[in-house]
Amino acid sequence: MKFSILINEGPYTHQASDSAYHFTEAALRAGHEIVRVFFYHDGVYNGTRLSVPPQDDRNVSERWSALGQEHSLELILCVAAAQRRGMLDEDEARRAGKDSNNIAPGFEISGLGQLVDAGIQADRLIVFGD
Amino acid sequence: MSVLHIVNKSPFDRNSLDSCLRLARPGSAILLIEDGIYAVRDNSAAADRMRQALENHPVYALQPDLQARGVGEENMLDGITLVDYDGFVKLTTEYDKLQSWL
């Protein structure tokens, strides 16, 4: 079966990103296809490469990057939500005249149309948030 | 059309469980995750509502979240089925639509 995942909450807030991660892992383990993981609202913070959690804690964005790499997942950050929150890739940083970028490997910035498409392509869209 | 309702907030924090129970059709299922777990206890202020819900709906709870909150299975209402993440995924394939009560 095809799944799309929507995450509306940042890391280390409540539990949404963790629940979504474990769900995605379990779905892949069961042989399902993940069409796309879409990060919206504060969920875009999951895509920072500058997070430095304590060593004995999980690293949420690195964990997503690694899972993405292993299974060639599409990890999409909503562009409007990302720009507002200072989440910029190289292109967006250049366009906005900023001196740096902060997107973790494997994440991409794209539009809300990707969420609509994720809902259409998948058999199930599951939402994790606050 | 069958629906899996996913509730992730404590009934003592938000009214999402009440909204869900008010609107869920008989036969649709309810899955408690994250702080939604606090609705499983057999001696809480939400227990009567949950007993009523169990008459109309299959009710599931995510076992790792139960464990994380130190809620013992012996304190759980009768009739609630525990699932792990593999069981969570399986449930989402068995119902046509997924409704997260955020």
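Summary of the structure given here. (Residues numbered from 1 in each chain as written. Chains lettered and ligands numbered in written order. Predicted model: local features only at pLDDT ≥ 70, side-chain atom pairs only at ≥ 80, totals over all residues. Heavy atoms only, no water.)

Residue and element names in this part refer to chain A. Here strand 3 (residues 75-78) shows two buried faces, one formed by Leu-75 and Leu-77 and the other by Ile-76 and Cys-78. Across three bridges, strand 2 (residues 33-39) lies against strand 3 in parallel orientation. Along strand 3, the bridge assignment pairs Phe-38 with Ile-76. Here strand 3 runs beside strand 4 (residues 107-110); their pairing, made up of four bridges, is parallel. Note that in strand 4 the partner of Leu-75 across the bridge is Phe-107. (Buried < 20%, exposed > 50% of the residue type's maximum accessible area, 1.4 Å probe, protein only. Helix = DSSP H or I, 4+ residues; strand = E, 2+ residues; numbered from the N terminus. Pairing = 2+ DSSP bridges.)

Here helix 1 (residues 16-29) of chain A is 14 residues long and its end C-alpha atoms lie 20 Å apart, about the 20 Å a rise of 1.5 Å per residue gives. Within the sequence span of helix 1 of chain A, burial applies to Ala-16, Ser-17, Asp-18, Ser-19, Ala-20, Tyr-21, Phe-23, Thr-24, Ala-26, Ala-27 and Leu-28 of chain A. Lining the buried residues of helix 1 of chain A we find strand 1 (2-7), strand 2, helix 2 (60-71) and strand 5 (124-128) of chain A together with helix 4 (85-94) of chain B. Where helix 1 of chain A terminates, the next one or two residues include Gly-31 of chain A, which has phi positive at roughly 90°. (Expected span 1.5 Å × (residues − 1). Contact = heavy atoms within 4.5 Å.)

Looking now at the pattern of salt bridges. Residues and elements named next belong to chain A. Counted according to the given criterion, the structure contains 15 salt bridges over all chains. The salt bridge involving Asp-18 is made with Arg-63; its shortest N-O contact spans 2.9 Å. Pair noted here: Asp-18 is in helix 1 and Arg-63 is in helix 2, with a separation of 45 residues, a long-range link. For the pair formed by Asp-18 and Arg-63, the shared burial category is buried. (Salt bridge = Lys/Arg side-chain N within 4 Å of Asp/Glu carboxyl O.)

Every contact between the two is made by 20 residues of chain A and, on the other side, 19 residues of chain B. Carbon and sulfur atoms supply 55% of the area that chain A and chain B bury against each other, a total of about 1600 Å² over both sides. Among the residues of chain A in contact with chain B, Gln-15, Arg-124 and Asp-130 of chain A are the three that bury the most area, contributing 33% of the side total. Between the two partners, chain A and chain B, sit three salt bridges. As a salt-bridge pair, Arg-14 of chain B and Asp-130 of chain A come within 3.1 Å of each other at their nearest N and O atoms. For the pair chain A and chain B, the interface holds eleven residue pairs in polar contact (both at pLDDT 80 or more). Counting residues per element, the side of chain A that touches chain B draws most heavily on helix 1 of chain A, which supplies seven residues. Considering only residue class, the side of chain A that touches chain B consists of ten nonpolar, seven polar and three charged. (Buried area = accessible area lost by both parts, 1.4 Å probe. Polar contact = N/O pair within 3.5 Å; in protein donor to acceptor, adjacent residues only side chain to side chain. Nonpolar A, V, L, I, M, F, W, Y, C, P; charged D, E, K, R; others polar.)

All names here are of chain A. Pairing is parallel across the open sheet formed by five strands, whose spatial order is 4-3-2-1-5. Because the sheet does not close on itself, it has two edges, and the strands there are strand 4 and strand 5. With strand direction ignored, the average angle separating the axes of adjacent strands in the sheet is 25°. Across the sheet, helix 1 lies against strand 1, strand 2 and strand 5, angled at about 170° from strand 1, the strand it touches most. (Axes fitted to C-alpha atoms, helices over the stretch in contact; angles between N-to-C directions.)

One non-glycine residue, Ser-72 of chain A, adopts positive backbone phi at about 50°. Along the polypeptide, Ser-72 of chain A turns up in the loop between helix 2 and strand 3. The exposure class of Ser-72 of chain A is exposed, given its relative accessible area of 66%. In this structure, Glu-34 of chain B is a non-glycine residue whose phi angle is positive, near 45°. Mapping Glu-34 of chain B onto the fold places it in the loop between strand 2 (29-32) and helix 2 (47-56). Its relative accessible area of 3% is what places Glu-34 of chain B among the buried residues.

For the rest of this paragraph, the subject is the packing of aromatic side chains. The full count for this structure, using the stated rule, is nine aromatic pairs over all chains. Considering the side-chain rings of Phe-23 of chain A and Phe-128 of chain A, the 5.9 Å spacing of their centres and the 55° angle between planes classify their relative orientation as tilted. Note that Phe-23 of chain A is positioned in helix 1 and Phe-128 of chain A in strand 5, a separation of 105 residues in sequence. The pair Phe-23 of chain A / Phe-128 of chain A is uniform in exposure class, with both members buried. On the basis of an interplanar angle of 90° and a centroid distance of 5.6 Å, the ring pair of Phe-39 of chain A and Trp-64 of chain A is categorised as edge-to-face. Of the two residues, Phe-39 of chain A sits in strand 2 while Trp-64 of chain A sits in helix 2, which places them 25 residues apart along the sequence. Under the relative-accessibility criterion, Phe-39 of chain A is labelled buried at 0%. Chaining the aromatic ring pairs together yields one cluster made of Phe-3, Phe-23 and Phe-128 of chain A together with Tyr-85 and Phe-88 of chain B. Directly above the aromatic system of Tyr-21 of chain A lies the positively charged group of Arg-63 of chain A, at a separation of 4.1 Å from the ring centroid. (Phe/Tyr/Trp six-rings, centres within 6.5 Å; stacked < 30°, edge-to-face > 60°. Lys NZ or Arg CZ within 6 Å of the ring centre and 35° of its normal.)

In short, the description is geometric, and any link to function would need to be established separately.
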